[in-house]
Amino acid sequence: MQDAKRPDQFFQRALAEGEILLPKCDDCGAYHFFPRVLCPHCHGSAISWKKASGKGRVHTTTVVRRKPERGGDYNVCVVELDEGVRMMSRVEGIAPGEVAIDMPVTAFVGEAEGVPAVLFKPSEG
């Protein structure tokens, strides 16, 4: 299933199957995101795909304001996963203004603009 020349498509296919996979360099052992053909840490080309833990913390957050008839306000954030990568996404399940820096969150595959996407919800406990 892996296509070394199109890691973005590989990532999207995995999301469509309900899995969040992260690229990990076989040479230096570092995870990276966004998917690419060379490791940004050591420039190695041996990349494996590992299932993400899904656990992370909000690194930055903001509220995008929209009129209610256009869908209302929503959250945009950057989440740092336990694997050390950061993803731009949003936290769902709470009011956009309640999302806070360092809030523990859990990833899930949802939908954004009609395509599968990594979204987050507040972690329980």
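Residues numbered from 1 in each chain as written. Predicted model: local features only at pLDDT ≥ 70, side-chain atom pairs only at ≥ 80, totals over all residues. Heavy atoms only, no water.

## Some remarks on the nonpolar core
Okay, step 1: Ranked by size, the top nonpolar core spans 22 residues in total, and within it Val58, Leu81, Met87, Val91, Val105, Val118 and Phe120 carry the most contacts.
Okay, step 2: Counting only elements with at least two residues in this core, the list comes to α1 (7–16), β1 (21–25), β4 (74–81), β6 (104–112) and β7 (115–122).
Okay, step 3: Sorting elements by how many residues they give to this core places α1 first, with four residues.
Okay, step 4: Counting contributing residues per domain, this core is built from domain 1 (2–51) and domain 2 (55–122), each supplying no fewer than three.
Okay, step 5: What Met87 contacts, discounting residues up to four positions off in sequence, is Phe11, Leu22, Phe33, Cys77, Val78, Val79, Leu81, Val118 and Phe120. (Core = buried A, V, L, I, M, F, W, Y, C linked by side-chain atoms within 4.5 Å. Buried < 20%, exposed > 50% of the residue type's maximum accessible area, 1.4 Å probe, protein only. Helix = DSSP H or I, 4+ residues; strand = E, 2+ residues; numbered from the N terminus. Domains from an automatic or database assignment. Contact = heavy atoms within 4.5 Å.)

## Quick notes on the domain arrangement of the protein
Okay, step 1: Here the protein is described as being made up of domain 1 (2–51) and domain 2 (55–122).
Okay, step 2: With centres defined by C-alpha atoms, the gap from domain 1 to domain 2 works out at 22 Å.
Okay, step 3: Listed per partner, the contact involves 12 residues of domain 1 and 11 residues of domain 2.
Okay, step 4: Taking both sides of the interface into account, the surface hidden between domain 1 and domain 2 amounts to around 850 Å²; carbon and sulfur atoms contribute 81%.
Okay, step 5: Area buried by domain 1 at its contact with domain 2 is led by Leu15, Ile20 and Phe33, which between them contribute 51% of it.
Okay, step 6: The tally of links from domain 1 across to domain 2 stands at zero salt bridges.
Okay, step 7: Across the domain 1-domain 2 interface, the total number found is zero residue pairs in polar contact (both at pLDDT 80 or more).
Okay, step 8: Ranked by residues supplied to the side of domain 1 that touches domain 2, first place goes to α1 with four residues. (Buried area = accessible area lost by both parts, 1.4 Å probe. Salt bridge = Lys/Arg side-chain N within 4 Å of Asp/Glu carboxyl O. Polar contact = N/O pair within 3.5 Å; in protein donor to acceptor, adjacent residues only side chain to side chain.)

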